[in-house]
Amino acid sequence: MLEVRTTTVYRGPSVWARMPAIHYVLDIGELEERPSNAVPGFYEHLTELIPSLYDHRCSVGRAGGFLQRMREGTWMGHVLEHVALEIQNLAGADVGRGKTRSTTERGVYNVIFQYDQEDVGLAAGQMAVRMLNHLIYGEPSDFEYEAELESVILLAERLAYGPSTGAIVQEANRRGIPVLRLDPQRSLVQLGHGKYQKCIWATVTSATANIAVDVAKNKELTNRLLLEVGIPVPRSMVVTSADGAVQAARRIGYPVVIKPLDGNHGRGVFINLADEDEVREFFPSARSESRDRTVIVESFIEGRDYRILVVNNEVVAVSERVPAHVTGDGEHTIGELIQIENSDPRRGVGHEKILTRITVDSQTMEVLERDNRSLDDVPEKSAFVQLKLTGNMSTGGTSIDRTDEIHPDNMEIARQAAMVVGLDIAGIDFITTDIAESVRTSGGAICEVNAGPGFRMHTNPTEGHPRHVGRAVVDMLFARGKPSRVPIVAVTGTNGKTTTSRMIAHIMKAAGYRVGLTTTDGIYIDGTQILSGDMSGPGSARMVLKNPAIDYAVFETARGGILRSGLGYDRCNIAVVTNIASDHLGLRGVNSLSELARVKAVVPQSALRDGASVLNADNEWVVEMEGSARGEIIYFSMDEGNPVIQDHIRQKGKAVLLRQTPTGEMITVVENRRETSLVLASQIPATFEGRARVNIANALAATAAAVADDIQLDYIRQALRTFSSSFFQTPGRFNLIDLGGQRVVMDYCHNVAGLEALGDFVSRMEAPRSIAVISIPGDRSDEDMRMFGELAARTFDRIIIREDDNTRGRPAGEIAGRLKDALLVGGMAESLIEIELDELEASRRAVDSSEKDELVVLLVDKPTKIWEMLTNRRTSSAPRVTGQSQNGV
């Protein structure tokens with residue numbers, strides 16, 4: 001049996017795909033040696049059920065290519081990929097990209113396939129697995145293709161954008177404007193990022209004035225406002241009782257129309273009422289559709305029903321609306337003709353499809369009775385049988401495009417009507433004998449101005465040319481040349497991501513931006529933390545992009561989030577890769593540095609073509625990313641003699657490097673072979689006068705990112721000179737506190753490369769002795785723990801071993817035991833090793849047992865709690881605080 005071991009949903013670019021995709025780890029079991037052409041009858045049964053698989057070109061590059069691959073013999077994972085894609089297409093999607101790759105385990109494959117709507121993609125994948133197992137093994141025995149496909153189709157229809165929203169979203173996608181669906185069950189959509197965002201709810205936009213919507217809802221007020229500027233409208237009166245309606249009809253003159261004062265979609269509208277009896281008969285139905293129990297009586301205007309769509313005070317489409325009807329064939333009854341008409345696949349429930357199914361209700365029966373017909377009558381061939389009073393699409397009406405026929409006078413009147421009411425998007429209901437003739441001569445009137453008008457009569461007319469009205473809306477919300485995206489800087493790598501991200505955010509704030517920042521510490525909006533915890537995943541990035549307060553985004557982008565869900569954005573402006581080192585190996589299928597580099601490379605591969613990729617020239621794995629990275633390549637390096645840097649500069653590439661000068665180590669920007677001295681590394685507080693070499697490297701990366709965005713060098717210089725390693729600026733990253741002469745360093749060091757950098761810093765602090773509290777996350781390999789412990793033995797003089805509260809699947813005490821064994825192998829005497837599993841107690845013990853001139857190093861998992869403990873001690877002992885900041889550095 002085919003078995004899906006794991007399912008991963010990528011909502012953004014990932015290792016496997018540039019688009020949203022679903023990733024199955026598929027075990028094909030005994031079929032490893034039985035490709036598709038070796039299963040008897042499989043090809044015939046599959047192609048009989050899904051003949052449209054013929055359209056799949058596959059690697060052959062032409063229609064029928066996938067079927068050729070099946071005949072030649074291809075693995076079932078590959079078949080599953082194509083079947084899952086085609087099921088989605090049969091449900092109305094437009095997907096076609098996927099891939100299947102083997103794993104290191106025989107018979108197990110990575111199957112990746114694109115999706116448009118996540119839930120539909122998941123349902124299609126599940127159906128594909130059931131279908132293939134049924135065709136191969138006869139299990140499940142109750143599998144019914146048509147029933148299961150219909151279930152997926154219904155799910156797709158329920159979750160799909162409506163025609164109006166879809167038209168706007170399609171245009172936004174065409175223009176490259178980001179689209180974020182805020183509610184999958186509704187049509188609430190965000191277009192654009194941060195401060196540039198605009199929202200739409202169907203055809204109501206964030207620019208739609210609430211007062212205009214309220215005016216449009218009040219039909220009497222709308223008529224009065226239009227009449228006062230000379231726009232033709234029916235005579236009308238507002239009433240609350242049947243007697244009042246009769247009196248109003250007498251004053252206006254029969255025939256009349258009655259409708260709810262605040263109704264919509266044609267509900268409760270009754271037209272061409274000829275006498276008092278009809279007014280009294282239909283008044284209760286009209287009043288029941290009004291929230292205020294108020295009805296408007298107006299003169300009946302003879303003519304055809306036209307809907308004129310006005311966007312941003314311009315007419316963009318015109319449709320003639322034809323009431324729901326059937327056409328006689330001389331054979332079927334009216335009831336049977338309605339059933340035949342409703343079988344049209346274009347018709348659905350409500351607004352889910354381009355046409356609405358015709359319902360038989362009291363209005364239908366009334367219209368037929370007026371025409372001396374019934375549902376059982378058989379109308380003569382070609383006879384037009386009207387079924388509803390109005391031409392609303394929501395009651396089953398059809399539409400004819402008349403955009404090219406409207407008279408300029410009528411166009412101007414409709415435009416002015418929208419302006420009077422104040423709607424940015426308005427549906428003007430115009431009654432006249434012919435829209436091609438001026439209403440001034442032929443007669444007619446505007447009977448309604450609608451907020452939130454439907455687009456489907458324009459985008460999918462029953463007759464005539466479709467109109468791309470979504471373009472007008474998007475052009476109104478995002479004028480050509482105006483931004484829709486905030487700049488995004490994405491920072492990835494093994495070590496230094498958090499500090500580099502914070503440095504970049506600090507630079508951009510100095511340059512005047514309101515920055516949204518995600519890190520492993522939390523989410524920050526313009527410097528204020530709004531959420532704490534590890535927020536380096538795609539969900540956190542999307543949270544920032546939804547925030548209207550920001551105009552710049554900096555995302556720490558961790559390996560785990562990329563593997564779990566992909567990126568939280570489609571493209572970034574600037575990608576930064578700090579370094580690649582051994583960490584997290586053996587997790588989620590990443591077992592080597594090359595595989596880890598492949599994961600991290602997703603970030604520079606997602607840079608915009610006119611953006612930039614900032615790469616570490618001192619790291620061979622990062623240098624290799626140049627071949628797949630997008631945008632301009634900007635290198636940074638601690639070594640001015642690095643041949644990668646030298647070659648890049650010779651080719652007039654941009655670079656940021658550490659240059660040795662008579663005054664000290666200078667961060668230097670090189671552009672087009674022209675060098676600019678920016679700032680001495682020792683002048684950056686976070687480097688502790690150049691001792692924290694890793695923070696020099698982080699400053700180089702941050703500078704390169706700022707250069708990539710053409711930030712003025714003065715802003716970069718000033719920001720670096722004010723960036724410290726205080727707890728409040730970089731919590732848990734090289735925080736130094738002086739407890740009355742006793743120096744304590746707090747850092748989130750969790751891998752061998754990080755410990756090497758920390759060890760270099762410790763040696764440069766020139767302390768006679770050091771004591772450290774160490775640990776390592778439980779999901780690191782046994783080998784990583786051994787290397788970490790042996791290195792710690794060579795770095796510190798005394799060590800206390802602790803454990804994180806979350807040991808990530810290991811029994812309590814196992815991590816400490818392994819680290820102790822490694823320390824002993826590394827040459828540390830057992831008398832210099834203690835074990836205290838509790839982090840807070842271990843930290844207290846280290847501080848309490850240390851001498852005044854001994855450097856205390858705390859590798860922390862809970863930086864806030866440890867910092868509070870340290871600052872409480874500092875306050876109680878009233879120590880002298882040293883360094884560049886009273887915050888502890």
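In this report, we go over the structure that sits alongside the text.

**Comments concerning the overall build of the protein chain**
Then, in step 1: When you go through the protein chain residue by residue, the secondary structure sums to 30 helices and 38 strands.
Then, in step 2: Taken over the C-alpha atoms alone, the protein chain extends approximately 105 × 75 × 55 Å along its principal axes.
Then, in step 3: Buried residues in the protein chain amount to 56% of all 889 residues.
Then, in step 4: The contacts of the protein chain with a sequence gap of at least 6 include a subset with a gap of at least 24, amounting to 66%.
Then, in step 5: In the structure as shown, the protein chain presents an accessible area of about 36,400 Å², 46% of it carried by carbon and sulfur atoms.
Then, in step 6: Here the protein chain carries 97 positive and 119 negative side-chain charges, and the mean point of each set is 5 Å from the other.

**Some points on helix α8 (residues 219-227)**
Then, in step 1: Of the positions making up α8, those classed as buried are Lys-219, Thr-222, Asn-223 and Leu-226. Down the axis of α8, the smallest arc covering the buried residues is 95°, so these residues share one side.
Then, in step 2: Lining the buried residues of α8 we find α7 (210-217), β9 (236-239), β10 (256-260), β12 (295-299), α13 (408-421) and β21 (444-451).
Then, in step 3: Between the side-chain oxygen of the N-cap and the backbone nitrogen of Glu-220 there are 3.2 Å, and the N-cap of α8 in question is Asn-218.

**Regarding unusual backbone geometry**
For residues besides glycine, phi is generally negative; the peptide bonds are generally trans as well.
Then, in step 1: Residue Pro-140 is reached from Glu-139 by a cis peptide bond, and omega for that bond is 0°.
Then, in step 2: The topology assignment puts Pro-140 in the loop between α4 (118-137) and α5 (145-159).
Then, in step 3: Of note, the amide linkage connecting Tyr-254 to Pro-255 takes the cis form, showing an omega dihedral of -5°.
Then, in step 4: Mapped onto the secondary structure, Pro-255 falls in the loop between α9 (242-252) and β10.

**Some thoughts on the sheet that holds strand β31 (residues 664-671)**
Then, in step 1: Strand order in the open sheet formed by 11 strands is β25-β24-β23-β26-β22-β27-β28-β29-β30-β31-β32, with mixed pairing between adjacent strands. Edge positions in the open sheet fall to β25 (528-532) and β32 (674-680), since each of these has one partner strand only. Adjacent strand axes in the sheet meet at a mean angle of 20°, parallel and antiparallel pairs treated alike.
Then, in step 2: Of the pairings in the sheet, the one linking strand β28 (residues 607-616) to strand β29 (residues 632-637) comprises five bridges and is parallel in character. Bridge pairing in β29 links Asn-616 to Phe-636.
Then, in step 3: Together, β29, β30 (654-661) and β31 form the strand contacts of helix α23 (residues 643-650), whose direction differs from that of β29 by roughly 140°.

**Let's talk about the packing of α7 against α8**
Then, in step 1: Taken N-terminus to C-terminus, the directions of α7 and α8 make an angle of 100°; their axes are 5 Å apart at the nearest point. Considering their axes alone, α7 and α8 lie roughly perpendicular with respect to each other. Facing Val-215, Ala-216 and Lys-217 of α7, the residues of α8 in contact are Lys-219, Leu-221, Thr-222 and Leu-225.
Then, in step 2: Of the residues assigned to the contact of α7 with α8, the class counts are four nonpolar, one polar and two charged.

**Examining the packing of helix α24 (residues 693-708) against helix α25 (residues 713-721)**
Then, in step 1: In the contact formed by α24 and α25, the axes pass within 10 Å of each other and the chain directions differ by 155°. As summarised for this structure, α24 and α25 are arranged roughly antiparallel, according to the angle between their axes. In the packing of α24 onto α25, the handedness of the crossing is right-handed. Across from Ala-699, Thr-703, Ala-706 and Val-707 in α24, the residues of α25 making contact are Leu-713, Ile-716 and Leu-720.
Then, in step 2: Classifying every residue of the contact of α24 with α25 by side-chain character gives six nonpolar, one polar and no charged.

**Digging into the nonpolar core**
Then, in step 1: Among the nonpolar cores identified, the biggest contains 48 residues, and Ile-488, Ala-553, Phe-555 and Tyr-569 are the most heavily contacted of them.
Then, in step 2: Apart from residues lying up to four places away in sequence, Ala-553 is in contact with Val-486, Pro-487, Ile-488, Val-489, Gly-516, Val-544 and Leu-545.
Then, in step 3: Within the second largest apolar cluster, 46 residues are counted, among which are Ile-22, Met-76, Val-120 and Leu-135.

**Considerations on the pattern of salt bridges**
Then, in step 1: This structure, assessed with the given rule, holds 64 salt bridges.
Then, in step 2: The salt bridge partner of Asp-262 is Arg-291, with a shortest N-O separation of 3.9 Å. Placement of the pair is Asp-262 in the loop between β10 and β11 (270-273) and Arg-291 in the loop between α10 (276-288) and β12, with a sequence separation of 29 residues.
Then, in step 3: Residue classification places Asp-262 among the buried positions, given a relative accessible area of 9%.
Then, in step 4: A relative accessible area of 59% places Arg-291 in the exposed class.
Then, in step 5: One salt bridge in this structure joins Asp-714 and Arg-717, with 2.8 Å as the shortest N-O distance. Taken together, the positions of Asp-714 and Arg-717, both in helix α25 and three residues apart, correspond to about one turn of that helix.
Then, in step 6: For Arg-717, a relative accessible area of 18% gives the class buried.

**Let's talk about the pairing of strand β26 (residues 552-556)**
Then, in step 1: β26 sits mainly inside the fold: five of its five residues count as buried.
Then, in step 2: Of the two faces of β26, the one holding Tyr-552, Val-554 and Glu-556 and the one holding Ala-553 and Phe-555 are both buried throughout.
Then, in step 3: Bridge count for strand β22 (residues 488-492) against β26 is four bridges, and the pairing is parallel. Note on β26: the bridge partner recorded for Ile-488 is Ala-553.

**Overview of the packing of aromatic side chains**
Then, in step 1: Taken as a whole, this structure holds nine aromatic pairs when the rule is applied.
Then, in step 2: Centre to centre, the rings of Phe-555 and Tyr-569 are 5.7 Å apart; their planes meet at 20°, and the pair counts as stacked. Of this pair, Phe-555 sits in strand β26 while Tyr-569 sits in the loop between α19 (559-565) and β27 (572-577), and the two are 14 residues apart along the sequence.
Then, in step 3: Judged by relative accessible area, Phe-555 falls into the buried class, the value being 1%.
Then, in step 4: Here a set of aromatic residues connected by ring pairs shows up, and it is made of Phe-688, Phe-734 and Phe-761.
Then, in step 5: Positioned above the aromatic ring of Tyr-161 is the side chain of Arg-181, whose terminal nitrogen or guanidinium carbon lies 4.3 Å from the ring centre.

**Re the pairing of β31**
Then, in step 1: With respect to burial, β31 is a largely interior element, six of its eight residues being buried.
Then, in step 2: Both β30 and β31 contribute to a ladder of seven bridges, which runs antiparallel. Looking at β31, one finds that Thr-661 is bridged to Gly-664.
Then, in step 3: Taking the residues between adjacent antiparallel strands as the criterion, β30 and β31 are bridged by two residues.
Then, in step 4: Sheet topology places β31 next to β32; six bridges connect them, and they run antiparallel. Bridge pairing in β32 places Glu-671 opposite Arg-674.
Then, in step 5: The antiparallel pairing of β31 with β32 creates a hairpin that spans two residues between the two strands, and Asn-672 there sits at a positive phi of about 55°.

**A few points about the sheet that holds β11**
Then, in step 1: Taken in spatial order, the four strands make up an open sheet running β9-β12-β10-β11, and their pairing is antiparallel. In this open sheet, the two strands that pair with only one neighbour each are β9 and β11. Going from strand to strand, the sheet's axes swing by 20° on average, the running direction of each strand aside.
Then, in step 2: Bridging between β10 and β12 involves five bridges; their strand directions are antiparallel. Following the sheet pairing, Lys-259 is matched in β12 by Ile-296.

Basis of the calculations
Residues numbered from 1 in each chain as written. Predicted model: local features only at pLDDT ≥ 70, side-chain atom pairs only at ≥ 80, totals over all residues. Heavy atoms only, no water. Helix = DSSP H or I, 4+ residues; strand = E, 2+ residues; numbered from the N terminus. Buried < 20%, exposed > 50% of the residue type's maximum accessible area, 1.4 Å probe, protein only. Contact = heavy atoms within 4.5 Å. Areas by Shrake-Rupley, 256 points an atom, 1.4 Å probe, with all protein chains shown as cover. Lys, Arg positive; Asp, Glu negative; His and termini not counted. Charge placed at Lys NZ, Arg CZ, Asp CG, Glu CD. Arc of directions from axis to C-beta. Polar contact = N/O pair within 3.5 Å; in protein donor to acceptor, adjacent residues only side chain to side chain. Pairing = 2+ DSSP bridges. Axes fitted to C-alpha atoms, helices over the stretch in contact; angles between N-to-C directions. Parallel < 35°, antiparallel > 145°, perpendicular 65-115°, else oblique. Nonpolar A, V, L, I, M, F, W, Y, C, P; charged D, E, K, R; others polar. Left-handed = near helix turned anticlockwise from the far one by under 90°. Core = buried A, V, L, I, M, F, W, Y, C linked by side-chain atoms within 4.5 Å. Salt bridge = Lys/Arg side-chain N within 4 Å of Asp/Glu carboxyl O. Phe/Tyr/Trp six-rings, centres within 6.5 Å; stacked < 30°, edge-to-face > 60°. Lys NZ or Arg CZ within 6 Å of the ring centre and 35° of its normal.

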